[in-house]
Amino acid sequence: MDPLSTFRLDGRTALVSGGGGAIGSAIAVALGGAGAGIVLASRTPDHARAAAERVTAAGAECLAIAADVTAEAEAERVVSAAIERFGRLDIVVNAVGGGAGKVLFAAQEYPRDAWDWIMELNLRSTLVATQAAVREMIRAGHGGRVLNISSVRAQLGIAAGYSAYVAAKGAVSSLTRQWATEWAPHGITVNAIAPTFVDTPQVAMLLDDPAFRAGLVGRIPLGRVGETDDLVGAVLFFTSAASSFVTGQILTIDGGLTATQ
Ligand SMILES: NC(=O)c1ccc[n+]([C@@H]2O[C@H](COP(=O)([O-])OP(=O)(O)OC[C@H]3O[C@@H](n4cnc5c(N)ncnc54)[C@H](OP(=O)(O)O)[C@@H]3O)[C@@H](O)[C@H]2O)c1
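In what follows, the accompanying structure is described.

It is worth spelling out the sheet that holds strand β2 (residues 37–42) at this point. Reading across the sheet, the 7 strands line up as β3-β2-β1-β4-β5-β6-β7 and stay open at both edges, with parallel pairing between neighbours. Whereas interior strands pair on both sides, the edge strands pair on one side only; in this sheet they are β3 (62–66) and β7 (250–253). Each strand axis lies, on average, 15° off the axis of its neighbour in the sheet, ignoring direction. Pairing of strand β1 (residues 13–17) with β2, which is carried by 5 bridges, proceeds in the parallel orientation. What sits directly across from Ser17, in β2, is Ala41. Each of β2 and β3 is contacted by helix α2 (residues 45–57), which is oriented at about 170° to β3, the strand it contacts most. The strands that helix α4 (residues 112–140) touches are β1, β4 (91–94), β5 (144–149) and β6 (188–195); relative to β4, the one it contacts most, it runs at about 180°.

So, on to empty space enclosed by the protein. Scanning the model with the defined rule gives 1 cavity of 30 Å³ or more in all. Volume-wise, the largest cavity comes out at about 30 Å³. Looking at the largest cavity, the residues that line it are Leu15, Ser17, Ala41, Val69, Ala75, Val78 and Ala129. Residue assignment for the lining of the largest cavity shows that the elements contributing at least two residues are β1 and α3 (72–86). Split into classes, the residues belonging to the lining of the largest cavity amount to 6 nonpolar, 1 polar and no charged.

Here we come to the nonpolar core. Residues Leu9, Ile27, Leu31, Ile38, Leu40, Val55 and Ile193 are the most contacted members of the largest nonpolar core, which totals 32 residues. Elements with a contribution of two residues or more to this core: β1, α1 (22–33), β2, α2, β4, β5 and α8 (232–239). Core analysis: the second largest hydrophobic core is formed by 26 residues, Leu89, Val134, Val146 and Val190 among them.

Below, the discussion takes up the side chain of Ser240. Mapping Ser240 onto the fold places it in the loop between α8 and β7. The class of Ser240 is buried, set by a relative accessible area of 2%. A polar contact of 2.7 Å, which involves the side chain of Ser240, links it to the backbone oxygen of Leu236. Only 3.3 Å separates the side chain of Ser240 from the backbone oxygen of Phe237, close enough to count as a polar contact.

With that out of the way, let us pick up the pattern of salt bridges. Taken as a whole and judged by the stated rule, the model has 11 salt bridges. Notably, a salt bridge pairs Arg49 with Asp46, separated by 2.6 Å at the nearest N-O pair. In this pair, Arg49 and Asp46 both sit in helix α2, 3 residues apart, roughly one turn of the helix. You can call Arg49 partly exposed: its relative accessible area is 47%. Between Arg139 and Glu136 there is a salt bridge, with the nearest N and O atoms lying 2.8 Å from each other.

A separate point is the site of the ligand. Near the ligand, the surroundings consist of 30 residues, among which Thr44, His47, Tyr165, Val198 and Gln202 are the closest. One of the backbone N or O atoms of Ala22 is found 3.0 Å from an oxygen atom in the ligand. With respect to the ligand, the side chain of Tyr165 contributes an N or O atom lying 2.7 Å from an oxygen atom. Protein coverage of the free-state accessible area of the ligand, which is 890 Å², stands at 91%.

Scoring rules and cut-offs
Residues numbered from 1 in each chain as written. Predicted model: local features only at pLDDT ≥ 70, side-chain atom pairs only at ≥ 80, totals over all residues. Heavy atoms only, no water. Pairing = 2+ DSSP bridges. Helix = DSSP H or I, 4+ residues; strand = E, 2+ residues; numbered from the N terminus. Axes fitted to C-alpha atoms, helices over the stretch in contact; angles between N-to-C directions. Contact = heavy atoms within 4.5 Å. 1 Å grid on protein atoms, 1.4 Å probe; cavity = no way out; pocket = protein on both sides within 12 Å on 5 of 7 lines; lining within 4 Å. Points joined across faces, edges and corners; volume = space filled by probe spheres on them. Nonpolar A, V, L, I, M, F, W, Y, C, P; charged D, E, K, R; others polar. Core = buried A, V, L, I, M, F, W, Y, C linked by side-chain atoms within 4.5 Å. Buried < 20%, exposed > 50% of the residue type's maximum accessible area, 1.4 Å probe, protein only. Polar contact = N/O pair within 3.5 Å; in protein donor to acceptor, adjacent residues only side chain to side chain. Salt bridge = Lys/Arg side-chain N within 4 Å of Asp/Glu carboxyl O. Near = heavy atom within 4 Å. Areas by Shrake-Rupley, 256 points an atom, 1.4 Å probe, with all protein chains shown as cover.

Right under this line is the structure:
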């Protein structure tokens with residue numbers, strides 16, 4: 001057997017929740033390039049459409065849906081559309097999230113509205129999209145792959161007013177292990193990637209500050225921040241047959257940052 005063929009996704013369908021975003025769209029292009037049919041769900045229609053154009057330009061079939069995946073009915077609608085278009089759903093990648101840089105508050109003052117927003121954006125989006133997708137995988141009985149996007153912030157504090165975000169990502173990492181345990185009997189694996197800062201518009205405000213960037217890069221042994229393409233290899237591993245015996249794992253993609261802590 002060609003060992004590289006275990007990374008192929010031909011005949012599979014992948015739902016990329018938040019596929020209109022910087023990381024989600026890079027993931028959608030990569031999964032499509034590996035042979036999967038792509039269902040891309042994102043909140044803003046123009047973002048979903050633009051990302052879908054990149055996926056189809058790379059030669060993959062892509063269905064783009066504008067949806068709010070924090071709402072159960074919307075997530076159900078996305079899954080139904082996936083089944084209607086591709087006949088099956090094998091993979092869900094949860095790439096909705098972020099927001100931390102927009103709501104920086106001292107831990108002792110962290111306001112409830114900002115807390116709830118970050119939890120909704122990072123935790124409820126992951127929960128609701130996954131529940132809808134996994135109900136379908138269990139019904140179909142063919143197993144599946146869930147890939148969450150956590151963050152090194154699930155395990156590292158940061159002196160920047162990140163209380164809600166670290167709590168949300170900590171919960172995403174915990175759910176990754178819980179779901180892996182509960183859904184293993186259904187042949188569904190659940191893993192997460194946990195990047196450090198990835199150079200995207202989401203974190204531009206922080207990375208554009210030369211002092212912040214220098215401090216960050218100075219702590220990363222490989223001497224740079226991440227790029228969206230740095231995530232792709234791990235995504236293909238966790239969503240393909242290459243990782244058949246791997247579940248409940250959280251892989252930091254951080255240039256060695258956590259190795260130094
Ligand atoms: N960038 C980093 O440095 C970094 C580091 C570690 C982890 N992460 C994590 O990686 C993930 C992706 O981050 P990113 O930088 O790619 O952020 P991003 O560019 O803002 O992408 C997030 C996407 O999610 C969509 N979205 C937001 N709320 C939604 C909802 N309720 N329903 C459906 N779609 C929704 C957004 O839609 P629209 O904009 O189209 O409305 C956007 O396209 C997040 O979980 C983030 O925490 C990022």
